[in-house]
Amino acid sequence: MSTHRNIDRICCVVLIFTLLITALFLWSDKLGIQNVSAAEYESALFDTSKVHTIDIEMDDWDGFLENCTDEEYEECAVTVDGEKYAGVGIRAKGNTSLSSVAAYGNDRYSFKIEFDHYDSGISYYGLDKLSLNNIIQDNTYLKDYLVYRMMDEFGVDAPLCSFVYITVNGEEWGLYLAVEAVEESFLERNYGSDYGELYKPDSMNMGGGRGNGREFDEENVEEFFGADGEDFSGGRGINPPEEGADGEFGSQRIDSPESSAAEPGSEISGNSEDGEKERPAAGQGGAENEPPAAPQNASSAGDSSQREGQGGGPAGFGGGNDDVSLIYSDDEYDSYSNIFDNAKTDISDGDKDRLIQSLKLLNDGEDIEDVVDVEEVIRYFVVHNFVVNGDSYTGSMIHNYYLYEQDGKLSMLPWDYNLAFGGFQGSDAESAVNDPIDDVLSDRPMQAWIFSSEEYTELYHEYYEEFLQSADIDGLIDEAYSLIAPYVE
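(A) Up close: the overall build of the protein. Secondary structure summary: the protein contains 16 helices and 10 strands in total. In the protein, buried positions account for 52% of the 489 residues. Taking as baseline every contact in the protein between residues at least 6 positions apart, the subset at least 24 positions apart corresponds to 72%. Carbon and sulfur atoms form 45% of the exposed surface of the protein, whose accessible area is close to 22200 Å².

Structure representation (structure tokens):
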């Protein structure tokens, strides 16, 4: 009888323990427990010590290419470093780059792979979406890669990336950059399962981005990018290095000036065919080479004349859209449609109210510590300003950034640096090299608060010095060069 009673008690204890464990799994999101498996892909596909391989299998690849500008997902199978994933979704991606590829008669699009598009149970070691960038307009093949690596190593929450060689149905397609999509997996990896809200503000009425630019006229491509399609570097004719008898790929490093491949960093400054026609990049002075404005409180950002003088850009190129500049106008949701319509997380009216209130305080220059992740944002702008990227929040188009908000606190996340190092609307390398690090833009409140305060300006300078002392940029370039030179050649 005693033995029977003990067995009952043991069973009760086991049952209670099992229920507690089950509750932890079911309510882990609410308890803020991070799913550590979500970051397992970091050591797999995003191991930067090698060039990875991806083979895309699709029955009607030619038909898919013909309809790429529709940005509709099609089913395919992908084999990543020898591991096959069937039944995943693929579509073309990009803004102006998407329509530009089509306009120039090039079929080497950028792609987005959505592992769980057709089956929510499929992921790549926890990764839900993957961007495959065609490295367009970057003859160095390094700009995006370098900036993401520098951002990450300097403590900025940046997407993971690595070089991949793509084949389609077994045929060579070329060297791409694989980039972790800034969506659910990224958020879980950086902030845990109890993450905040994510937005990708954009008001461009050109380009093929989803929801941004469906009215783009392909005839505008030559006007904006120049008539010479050579800027869109990277055709399909890039062959992988041949495997030697010892099983190693490529013994040749392209070091001589006579080589067809450039020395590391030799083209890092970039070019723009129409640089003289376009307004200068923000912070480099206007037509009369006037200096940048003196630091002002961000609350003055609403003055339209100041915005025009700070590179607001023509209509359709970011001009006249205060919300993408993160300027507070009023409490109406419609005033921030370019933010809320481009939310990457499910948002409620409460989320909208909280963001608007944060923008109001940001623009007033009040309680900055409460509405801005000060260290994260300063570190972001240190690297961002160092690489001189005009195709961004601080440029005339005012886009290519993610806005992250959690509990009313804002931060910036990096995206799209293929035109960095002076490659966007820059006239020459000298102007890019001498671009001021204190680039005061009173109509960009997410940056203006830094220079409206002596304390924050000093902190920015301290972080800038730290970056210059700690960043091993030459090492990153040499490392990447040794990996991709045989492919690029």
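(B) Just unusual backbone geometry, in detail. The phi angle at Glu71 is positive, at roughly 55°, despite the residue not being glycine. By secondary structure assignment, the location of Glu71 is in the loop between α3 (61-66) and β2 (74-80).

(C) Expanded view of the sheet that holds strand β1 (residues 52-57). Taken together, seven strands build a closed barrel; the order of strands is β1-β2-β3-β4-β5-β7-β6 and the barrel is mixed. Geometrically, the sheet is characterised by an average inter-axis angle of 40° between neighbouring strands, direction not taken into account. Of the strand pairs in this sheet, β1 and strand β6 (residues 161-168) are connected by five bridges, and their pairing is parallel. Among the inter-strand pairings, Ile54 is bridged to a residue of β6, identified as Ile166.

(D) Looking closely at the pairing of strand β5 (residues 129-133). Within β5, five of the five residues are buried, leaving the element largely enclosed by the surrounding structure. By the alternation rule, side chains of β5 split into Lys129, Ser131 and Asn133 and Leu130 and Leu132, which are all buried. Sheet topology places strand β4 (residues 110-114) next to β5; four bridges connect them, and they run antiparallel. Residue Phe111 lies in a different strand from β5, and its bridge partner there is Leu132.

(E) Region of interest: helix α15 (residues 454-470). Over its 17 residues, α15 runs 24 Å from end to end, which matches the ideal 24 Å to within 8%, given 1.5 Å per residue. Taken as a whole, α15 has its buried residues at Tyr456, Thr457, Tyr460, Tyr463, Tyr464 and Phe467. With its buried residues spanning 125° around the axis, α15 presents them on a single face. Facing away from the buried side of α15 by more than 90 degrees, the exposed set consists of Glu454, Glu455 and Gln469. For α15, the elements touching its buried residues are α5 (143-153), α11 (368-371), α12 (374-386), α14 (445-451) and α16 (473-488). For α15, the N-terminal capping position is held by Ser453, with its side-chain oxygen 3.2 Å away from the main-chain nitrogen of Glu455.

(F) Just a negative patch on the surface, in detail. Negative charge collects at one region of the surface, where Glu366, Asp367, Glu369, Asp370, Glu454, Glu455, Glu458 and Glu462 lie side by side. Among the elements of the structure, α11 and α15 are those that each provide at least two residues to the negative patch. If one sorts the elements of the negative patch by residue count, α15 sits on top with four residues. On the secondary structure map, Asp370 appears in helix α11. With a relative accessible area of 52%, Asp370 lands in the exposed category.

(G) Structural view of the packing of aromatic side chains. Under the defined criterion, the tally for this structure stands at 27 aromatic pairs. Judged by centre distance (5.6 Å) and plane angle (65°), the rings of Tyr85 and Tyr124 are edge-to-face. Of this pair, Tyr85 sits in strand β3 (residues 83-93) while Tyr124 sits in the loop between β4 and β5; the two residues are 39 residues apart in sequence, bridging distant segments of the chain. Taking the relative accessible area as the measure of exposure, Tyr85 reaches 12% and is therefore buried. Members of the aromatic cluster, each reached through a chain of ring pairs, are Trp61, Phe64, Phe111, Trp173 and Tyr176. Taking the ring centre of Tyr328 as reference, the NZ or CZ of Lys360 above it sits at 5.9 Å.

(H) Seen up close, the nonpolar core. Among the nonpolar cores identified, the biggest contains 74 residues, and Met150, Phe163, Leu326, Leu362, Phe381, Met446 and Trp449 are the most heavily contacted of them. Setting aside chain neighbours within four positions, we find Phe381 in contact with Tyr393, Thr394, Met412, Met446, Gln447, Ile450 and Tyr460. Counting residues in hydrophobic clusters, the runner-up holds 37 residues, among them Ala44, Ile54, Tyr85 and Leu127.

(I) Inspection of the pattern of salt bridges at higher detail. Scanning the model with the defined rule gives 14 salt bridges in all. The partner of Glu153 in a salt bridge is Arg149, with the nearest N and O atoms 3.1 Å apart. Taken together, the residues span about one helical turn, with Glu153 and Arg149 both in helix α5 at a distance of four residues. When its relative accessible area of 49% is taken as the criterion, Glu153 is described as partly exposed. Taking the relative accessible area as the measure of exposure, Arg149 reaches 14% and is therefore buried.

Parameters and conventions
Residues numbered from 1 in each chain as written. Predicted model: local features only at pLDDT ≥ 70, side-chain atom pairs only at ≥ 80, totals over all residues. Heavy atoms only, no water. Helix = DSSP H or I, 4+ residues; strand = E, 2+ residues; numbered from the N terminus. Buried < 20%, exposed > 50% of the residue type's maximum accessible area, 1.4 Å probe, protein only. Contact = heavy atoms within 4.5 Å. Areas by Shrake-Rupley, 256 points an atom, 1.4 Å probe, with all protein chains shown as cover. Pairing = 2+ DSSP bridges. Axes fitted to C-alpha atoms, helices over the stretch in contact; angles between N-to-C directions. Expected span 1.5 Å × (residues − 1). Arc of directions from axis to C-beta. Polar contact = N/O pair within 3.5 Å; in protein donor to acceptor, adjacent residues only side chain to side chain. Patch = residues over 30% accessible without salt bridge, like charges linked within 9 Å, V, L, I, M, F, W, Y side chains within 5 Å. Salt bridge = Lys/Arg side-chain N within 4 Å of Asp/Glu carboxyl O. Lys, Arg positive; Asp, Glu negative; His and termini not counted. Charge placed at Lys NZ, Arg CZ, Asp CG, Glu CD. Phe/Tyr/Trp six-rings, centres within 6.5 Å; stacked < 30°, edge-to-face > 60°. Lys NZ or Arg CZ within 6 Å of the ring centre and 35° of its normal. Core = buried A, V, L, I, M, F, W, Y, C linked by side-chain atoms within 4.5 Å.

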